[in-house]
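Report on the structure
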Amino acid sequence: MSAPHLVIAGAGIGGLAMALSLARRGIAVTVVEKRTSFGELGAGLQISANSGRILDALDLTLPLKRVAVSSQGLVVRRWGNGSQLLEMRYEPERMPTPFRLMKRNDLHTVLLDAVRAMPNIRLVVGRGVEDLSADENGVTVGLAGQSGSAETIAGLGLIGADGVRSRVRDLTGDASPPVFTGYEAWRTTVPARPGEKPGVTLHLGPGRHAVHYPVAAGREINLVVVRQAKEAREGWSREGDRAIVTEHLSGASPALRELAGAATDWQVWSLFDRKPAAMAKGRIALIGDAAHPVLPFLAQGASLAIEDAAVLARLLAEKLGSEGASGVPAAMADYAKLRAARVARVQAESRGNGRNYHMSWPLSLARDLALKRMGAEGLRRRYDWLYDWCDDN
Ligand SMILES: Cc1cc2nc3c(=O)[nH]c(=O)nc-3n(C[C@H](O)[C@H](O)[C@H](O)COP(=O)(O)OP(=O)(O)OC[C@H]3O[C@@H](n4cnc5c(N)ncnc54)[C@H](O)[C@@H]3O)c2cc1C
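Fair warning: this is a prediction, and the values are worked out from it, not measured in the lab.

Conventions we followed
Residues numbered from 1 in each chain as written. Predicted model: local features only at pLDDT ≥ 70, side-chain atom pairs only at ≥ 80, totals over all residues. Helix = DSSP H or I, 4+ residues; strand = E, 2+ residues; numbered from the N terminus. Rg over C-alpha atoms; globule rule 2.2 N^0.38 Å. Buried ≥ 20, exposed ≤ 12 C-beta atoms within 10 Å, placed from the backbone. Pairing = 2+ DSSP bridges. Near = placed C-beta within 6 Å. Nonpolar A, V, L, I, M, F, W, Y, C, P; charged D, E, K, R; others polar. Contact = placed C-beta atoms within 7 Å. Axes fitted to C-alpha atoms, helices over the stretch in contact; angles between N-to-C directions.

Let us now look at the overall build of the chain. Within the chain, the secondary structure is distributed over 11 helices and 20 strands. For a compact globule of 393 residues, the expected C-alpha radius of gyration is about 21 Å, and the chain comes in at 21 Å, within 12% of that figure. Counting only C-alpha atoms, the chain reaches 65 × 45 × 35 Å along its principal axes. Residues counted as buried form 46% of the 393 residues belonging to the chain.

Right, here's the structure in full:
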């Protein structure tokens, strides 16, 4: 009997984590990626312990050490005068899994290198999943290339890791469109400044916020400024006009304006929300943004995609071991059941953070008082459920 083989649509962070998690369990995969190149500008990621310990279990601790910064905490400040509302400190050397800060592209490269080293992963780039047929034995996935070329790949199942505008989600019959939130994120990186604390700083203002943290092993600072926008722009990201962000920051604290002033180029992401999908249907499963895009106000979208991958890989390996190829739909159904409550909670918490972050006076006054009262310890306890998660089933 030949080794089990699954198809993954999308070589983003979720798709690559999925491929590695399956391949390490002896399951062969083909990853199909629509893009022809992977480079990306100016975007950072906070990778908290809930997904960080999965990356460690995939033997990525050392390559991540070379590119990430271990956060020493969080500082929350007021937008206008920069006064401090809260400081939460971590001691990374005493944490089993650090809270990592890194460039999105660095994490992607670490995953891609690990994927390329696995003999049971085939990576097909420049071709997108277009259509699909399924029967009781498996799936046949139709691919289309930019040149108009077409081919099919067969597998025991298809995992859609193809992002917020997932074609696989459409193919499952759930074509509810992503909805523009009225916010856009402006992202840039600037050279690190001497004496900067290696942690996350959050600035809260009316209808706006900013967050910055060191990336690239401390050589650069990733800065994200979130502002309201009347309409969404198409595409994954686009270049932003510096004059717009300068004007937007005119009422911000001198420290934030100075940091933003060092930026030479900005990339803009329109922020979309979308109802969670049915995460499994027969031999098709969805992970990451394809299943449940998360607003970035809790910094958990990539982490959830990595969690999804770990849980689905474990269940697939168990069912393939006990029931063979016929166990794939049951594994996918169990995955959907197991993940539903957590992803809904993270989505809701992120939306709630967005409302809190962007409050105007006088609601912001109540928020600031509540934050001060909660203090660092209260904030830490509030998120135990999120960061302490592990797939211990
Ligand atoms: C401003 C901002 C800040 C963020 N900060 C954080 C953070 O700090 N921490 C965090 O955890 N998350 C963060 N996120 C969220 C995170 O970036 C996403 O949730 C995460 O990248 C989703 O990964 P994914 O693999 O599911 O999808 P994607 O990264 O979108 O990958 C999908 C892949 O599928 C490919 N694809 C698309 N269609 C097809 C097709 N038909 N066939 C084949 N391939 C296809 C795409 O080209 C792409 O490579 C942030 C997001 C934003 C916008």
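That was the structure; now back to the text.
Strand order in the open sheet formed by 6 strands is 8-2-1-12-20-19, and the pairing between neighbours is mixed. Two strands in the sheet have a free side with no partner beyond their single neighbour: strand 8 (121-125) and strand 19 (280-281). Pairing analysis gives 5 bridges linking strand 2 (residues 28-33) to strand 8, with the strands arranged parallel. Within strand 8, the residue paired with V29 across the bridge is I121.

The next thing to look at is the site of the ligand. Around the ligand sit 34 residues in total, of which G10, G12, G163, G288 and G301 are the nearest. When contributions to the shell around the ligand are tallied by element, the ones reaching two or more residues are helix 1 (13-23), strand 2, strand 3 (44-47), strand 9 (127-134), strand 13 (179-191) and helix 8 (301-323). Tallying contributions element by element places helix 8 first for the shell around the ligand, with 4 residues. The residue inventory of the shell around the ligand, partitioned by class, reads 16 nonpolar, 11 polar and 7 charged.

A word on the environment of R351. Structurally, R351 can be placed in helix 9 (residues 328-357). Taking the C-alpha atoms as reference points, R351 and G26, 325 residues apart in sequence, are found 38 Å from one another.

Read from one edge of the open sheet, 3 strands run 3-7-4, paired in antiparallel fashion. With one partner strand each, in any of the chains shown, strand 3 and strand 4 (69-70) form the two edges of the open sheet. Across 2 bridges, the pairing between strand 4 and strand 7 (residues 100-103) is antiparallel. Along strand 7, the bridge assignment pairs V69 with L101. This element, helix 4 (residues 104-116), spans strand 3 and strand 7 of the sheet and lies at about 90° to strand 7.

What is shown is where atoms sit, not what they do.
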